[in-house]
Amino acid sequence: MALKCGIVGLPNVGKSTLFNCLSSAKAQSANFPFCTIEPNLGVISVPDERLTELAKIVHPQKIVPTTVEIVDIAGLVKGASKGEGLGNKFLGNIRECDAILHVLRCFEDDNIVHVETNIDPIRDKEIIDTELQIRDLETIDLRYAKVEKQAKAGGDRDAKMLLEIMKKYKEVLEQGRNAREVTFETKDERKLAKELFLLTTKPVLYICNVDELSAKEGNKYSEKIKEIAQKEGAGVLILAAKIESEIAELETLEEKTMFLDELGLNESGVNRLIKEAYSLLNLKTFLTAGEMEVKAWTFHSGWKAPQCAGVIHSDFEKGFIRAEVIKYEDYIRLKSEAACKEAGKMSVEGKDYVVEDGDIMHFRFNV
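Model, not experiment: these values are computed from the prediction.

*Asks:* I'd like a rundown of the overall build of the protein chain, residues and numbers included.
*Replies:* Secondary structure summary: the protein chain contains 14 helices and 12 strands in total. For the protein chain, with 367 residues in total, the buried portion stands at 46%. Within the structure as shown, the protein chain displays about 18800 Å² of accessible surface, and the carbon and sulfur contribution to it stands at 48%.

*Asks:* Now, about the packing of aromatic side chains: what can you tell me, with residues and values included?
*Replies:* Two aromatic rings are characterised by how far apart their centres lie and by the angle between their planes. Going through the model one piece at a time under the given rule, you end up with six aromatic pairs. The interplanar angle of 85° and the centroid separation of 5.6 Å between the aromatic rings of Tyr-169 and Phe-184 together place this pair among those described as edge-to-face. Here Tyr-169, found in helix H5 (residues 157-174), pairs with Phe-184, found in the loop between H5 and helix H6 (187-194); they are 15 residues apart in sequence, far enough to count as distant. In this pair, the class of Tyr-169 matches that of Phe-184, namely buried. In this structure an aromatic cluster arises from ring pairing among Phe-286, Trp-297, Phe-299, Phe-320 and Phe-363. Seen from the ring of Tyr-144, Lys-170 lies directly overhead, with NZ or CZ sitting 6.0 Å from the centre.

*Asks:* I'd like a rundown of the packing of helix H4 (residues 121-153) against H5, residues and numbers included.
*Replies:* Between H4 and H5, the shortest axis-to-axis distance is 9 Å and the interhelical angle comes to 150°. Taken together, the axes of H4 and H5 lie roughly antiparallel to each other. As H4 packs across H5, the resulting crossing turns out to be left-handed. For the pair H4 and H5, the contacting residues are Gln-133, Asp-136, Leu-137, Ile-140, Asp-141, Arg-143, Tyr-144, Val-147, Glu-148, Gln-150 and Ala-151 in the first and Ala-159, Lys-160, Leu-162, Leu-163, Met-166, Lys-167, Tyr-169, Lys-170, Leu-173 and Glu-174 in the second. By residue class, the composition of the contact of H4 with H5 is 11 nonpolar, two polar and eight charged.

*Asks:* Now, about the side chain of Thr-200: what can you tell me, with residues and values included?
*Replies:* Of note, Thr-200 is situated in the loop between H6 and strand E6 (204-209). Looking at Thr-200, its side chain comes within polar contact range of the main-chain nitrogen of Ala-179, at 2.9 Å. Leaving out residues up to four positions away in the same chain, Thr-200 has contacts with Leu-132, Gln-133, Asp-136, Leu-173, Asn-178, Ala-179 and Arg-180.

*Asks:* Give me the nonpolar core: which residues, what numbers.
*Replies:* In this structure, Cys-5, Leu-22, Ile-70, Leu-101, Ile-207 and Leu-273 are the most contacted members of the largest nonpolar core, which totals 58 residues. With residues near it in sequence (within four places) discarded, Leu-273 still touches Leu-18, Leu-22, Leu-101, Leu-205, Ile-207 and Leu-237. Ile-140, Met-166, Val-172 and Leu-173 belong to the second largest nonpolar core, which has 21 residues in total.

*Asks:* How would you summarise the layout of surface pockets if you had to cite specific residues and measurements?
*Replies:* Considering only enclosed or pocket space, the largest pocket measures out at about 990 Å³ in volume. Taken together, 23 residues line the largest pocket, and the ones lying closest to its centre are Asp-98, Arg-190, Lys-194, Thr-201 and Pro-203. The element that contributes the greatest number of residues to the lining of the largest pocket is H6, accounting for three residues. Its residues assigned to classes, the lining of the largest pocket shows 12 nonpolar, five polar and six charged. Computed from the structure, the second largest pocket encloses a volume of approximately 740 Å³. For the second largest pocket, the lining is made up of 30 residues, of which Pro-47, Leu-253, Lys-256, Ser-268 and Asn-271 are closest to its centre. Of all the secondary-structure elements, those providing two or more residues to the lining of the second largest pocket are helix H1 (15-22), helix H2 (49-58), helix H8 (241-249), helix H9 (253-263) and helix H10 (269-280). Of all the elements, H9 adds the most residues to the lining of the second largest pocket, at five residues.

*Asks:* So what's going on with the pattern of salt bridges? Which residues, and what values?
*Replies:* Inspection of the entire model under this criterion finds 25 salt bridges. Put simply, Asp-158 and Arg-157 hold a salt bridge, and the shortest N to O gap is 3.6 Å. Judged by its relative accessible area of 38%, Asp-158 falls in the partly exposed class. Look at Arg-157 and you get exposed, because its relative accessible area is 51%. Salt bridges sharing common partners tie together Asp-48, Arg-50 and Asp-357.

*Asks:* Hey, could you go over the pairing of strand E10 (residues 320-326) for me, with residue numbers and the actual values?
*Replies:* For a regular strand, side chains alternate in direction, first toward one face of the sheet and then toward the other. Burial analysis of E10 places five of its seven residues in the buried class, the great majority of the element. Relative to strand E12 (residues 360-365), E10 is paired through six bridges, and the arrangement is antiparallel. Bridge assignment links Phe-320 to a residue of E12, and that residue is Phe-365. Here four bridges tie E10 to strand E11 (residues 346-349), and the two strands are oriented antiparallel to one another. In the sheet register, Val-325 faces E11, and the bridge partner there is Ser-347.

Conventions used here
- Residues numbered from 1 in each chain as written.
- Predicted model: local features only at pLDDT ≥ 70, side-chain atom pairs only at ≥ 80, totals over all residues.
- Heavy atoms only, no water.
- Helix = DSSP H or I, 4+ residues; strand = E, 2+ residues; numbered from the N terminus.
- Buried < 20%, exposed > 50% of the residue type's maximum accessible area, 1.4 Å probe, protein only.
- Areas by Shrake-Rupley, 256 points an atom, 1.4 Å probe, with all protein chains shown as cover.
- Phe/Tyr/Trp six-rings, centres within 6.5 Å; stacked < 30°, edge-to-face > 60°.
- Lys NZ or Arg CZ within 6 Å of the ring centre and 35° of its normal.
- Axes fitted to C-alpha atoms, helices over the stretch in contact; angles between N-to-C directions.
- Parallel < 35°, antiparallel > 145°, perpendicular 65-115°, else oblique.
- Left-handed = near helix turned anticlockwise from the far one by under 90°.
- Contact = heavy atoms within 4.5 Å.
- Nonpolar A, V, L, I, M, F, W, Y, C, P; charged D, E, K, R; others polar.
- Polar contact = N/O pair within 3.5 Å; in protein donor to acceptor, adjacent residues only side chain to side chain.
- Core = buried A, V, L, I, M, F, W, Y, C linked by side-chain atoms within 4.5 Å.
- 1 Å grid on protein atoms, 1.4 Å probe; cavity = no way out; pocket = protein on both sides within 12 Å on 5 of 7 lines; lining within 4 Å.
- Points joined across faces, edges and corners; volume = space filled by probe spheres on them.
- Salt bridge = Lys/Arg side-chain N within 4 Å of Asp/Glu carboxyl O.
- Pairing = 2+ DSSP bridges.

Here you go:
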């Protein structure tokens, strides 16, 4: 399941520095706008301590975590929707992402230029929001007349439904709000809405890039973003990209742990970011454990056993018979699959079983 999050923001807010911390695919980082011209792509492992604990019991040949793709996209400027800067390319790159990681500069440093001359993360956020909203309105306007004609013809049910969806989106966007604020009740409505590929429907996580002294609790700038994000129902993460780059250069886990302890932090901002990006997309993980490998598999919250079987291989879903499920806590406590089975802690589930995060699964199928 290829999942992709795009790192966006104005030039010189710390996007590429953050990307370099996240990925071994090093993006050029420099003190001038549009340093990142082509989007840099990194495949990031999702930290999951459960894999390590399972491996201590199973002793597999390898451990395979689940992953999220992170894209470092060129900085946006005011007027991007009209082609300013690298506008059209930027907006096209966002369209290909499942979620947006919006980096906001929440630190002062006279040595690093700001394209808008002063530090104001609220204004910076609104610049990007506005450009995405303008592009979404253009997307709707391009299709509106055609869909309206089809709807008035009377026989096209989907056209009538899509027209109403577009009207709702248009009303919200013209008020300077994001399309993600609009919700739909039926599965058909959600399907048609998704096919519009609007940029502001994508879930967003605001990343407040702060100075070193503010890495633990944030500062006056990040507090303003928290207030706005709460109203929007969006996530907020506070980290200091400069500190994260120093942590990334340390070679051993022990060194990184000591560094974090000195700063009073329990976990690196990068780890927290990866986990937040994963949950932002409403994703969960089921596990498989055997001598060959202990592996994490990504699935969408609410998926049933056959759908999760299909994540491993399409044949597993087509020929699904049943799933044998052990809860992670039981496996860790009883130390083996055999012991779990003997203790009655292995359940046999059918097609209607809703898979839970951390379930250890074994699928039976016949093709």
